[in-house]
Amino acid sequence: MQLNVLTLPGDGIGVEVTREAVRVLEAVCRKFQHTVKLTEGLLGGIAIHKTGQAMPPQTAELALDADATLMGAVGLPEFDEAPPERRPEKGLLGIRKILGVYANLRPVRAYKALIDSSPLKNHLVEGTDLIIVRELNGGIYYGTPRGISGEGEEERGTNTMTYTRAEIARVCRMAFNLARQRRKKLTSVDKSNVLETSQLWRRVAVEVAAGFPDVTLEHILVDNCAMQLVLNPKRFDVLVMENMFGDILSDEGAVLAGSIGMLPSASIGERKPNGAWVGLYEPVHGSAPDIAGQNKANPLGAIGSVAAMLEYSFGLTAEAAVVNHAIESVLNAGKVTADLKPAGAPLTTAQVGEAVCAAL
Ligand code: IPM
Ligand code: MG
């Protein structure tokens, strides 16, 4: 098979972790006799510096042409004071929207070897295996009206959280389908005691459930969910929620996995005529400017995102399993970066990448 993959390393540690992810992608393709055709594009702060735009039109074209896109991270401190319109993050929101990747899958697993890396008690974390399905193309991230207007005491910031029935239904269907392949339990997260968007969300989730009688649906309020995630994470299988709730709760998931550097993500949209999903793959972590360029970022979230890409965009489940297995064996051997607090000396980003390739 030929895999046409666009890479968007982006900013900060995005560059380092993407390099290792690509190395693993090339190694697994060699092993299974696939060919990879890589193209690199600009996104985020680096794109603003080079072209004036966080998502230059050429990047959008490249992404639409590729079979799948592998992203690093975006964000640079020099844009901290800039308005949302002129920030690197705008590029990420742009690419998610242009690809129509409305479901962001963020799996959280507590690997045995990492139990002690979590600040939570072992018995709480052990056995955690959940997936957050975050709506990614709508909600308050994209809603209008938005902006800052007026002056003095009357100066006002506005954002809008809005969802249509169709937007809610499609992401719920995706989550139900996932739950069906797992432990058949779906938790829909909302704030229906306060927000109308959440009331509609809950109603639509119940309607979609009618098509999935084999899956149990429960509802939970987002504040309670934040608490349950650290009190009893094992009670969750698949969770589905709107965009900003998913952004927030998925960082909490990082505490269960031991480090945010561990978390991969797959953002998927419609199926293409050949049955593959349109996909954008990126680690959950950000660009971490404080450790950028130091060769110490954890590349396993990015490498896990390669596994997700093989599975969802190319249907290569055996190849994906081999990558995930290699990640696990590297963890078991204690060959990890500093964030995972190894007993011995921590490995560099590149050494972890090498170790995963060797384990393949
Ligand atoms: C994430 C990130 C992004 C988001 C930022 C960088 C715009 O936090 O992917 O979780 O909020 O979606
Ligand atoms: Mg986030």
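Per-chain numbering applies: the sequence of each chain, read as written, is numbered from 1 onward. Labels follow written order: the first chain is A, the first ligand is 1, and so on. Under the rules for a predicted model, residues below a pLDDT of 70 receive no local features and side-chain atom pairs below 80 are neither given nor counted, while totals for whole chains, interfaces and linings still include all residues. Excluded from the side-chain calculations are hydrogens and water; all other atoms, namely the structure's heavy atoms, are used.

## A short note on the sheet that holds strand β1 (residues 2-10)
Quick reminder of the rule: Should DSSP find at least two bridges between two strands, the strands are taken to pair. In this description a helix means any DSSP run of H or I spanning at least four residues, a strand means any run of E spanning at least two, and both kinds are numbered starting from the N terminus. A fitted line through C-alpha atoms serves as each axis, taken over the contacting stretch for helices, and the angle formed by two N-to-C directions is quoted from 0 to 180°.
Overall, mixed pairing links the ten strands, which are arranged β2-β1-β3-β12-β11-β4-β5-β10-β8-β9 in an open sheet. Either end of the sheet is taken by a strand with one partner, and the two such strands are β2 (35-40) and β9 (216-221). Across the sheet, the mean angle from the axis of one strand to that of its neighbour is 25 degrees, orientation sign disregarded. As paired elements, β1 and β2 share six bridges and run parallel to each other. Across the sheet, the residue bridging to L3 is V36, located in β2.

## Quick look at the domain arrangement of the protein
Worth spelling out the cut-off: Start and end points for every domain follow an automatic or database-based domain assignment. Residues are treated as being in contact if the distance between any of their heavy atoms lies within 4.5 Å. Buried area: the sum, over both parts, of the accessible surface (1.4 Å probe) that disappears when the two are put together. By convention in these notes, a salt bridge is any Lys or Arg side-chain nitrogen within 4 Å of a carboxyl oxygen on Asp or Glu. When residues are grouped by polarity, Ala, Val, Leu, Ile, Met, Phe, Trp, Tyr, Cys and Pro land in nonpolar, Asp, Glu, Lys and Arg in charged, and all others, Gly among them, in polar.
Its domain assignment divides the protein into domain 1 (1-117 + 258-360) and domain 2 (119-241). Spacing between the C-alpha centres of domain 1 and domain 2 amounts to 24 Å. Taken residue by residue, the interface counts 24 residues in domain 1 and 21 residues in domain 2. Interface of domain 1 and domain 2: buried area, both sides summed, is about 2,000 Å²; carbon and sulfur atoms make up 59% of it. Viewed at the interface, domain 2 and domain 1 are joined by zero salt bridges. For the side of domain 1 that touches domain 2, the elements supplying multiple residues, two or more each, are α4 (89-99), β4 (103-109) and β11 (266-271). Classifying every residue of the side of domain 1 that touches domain 2 gives 13 nonpolar, five polar and six charged.

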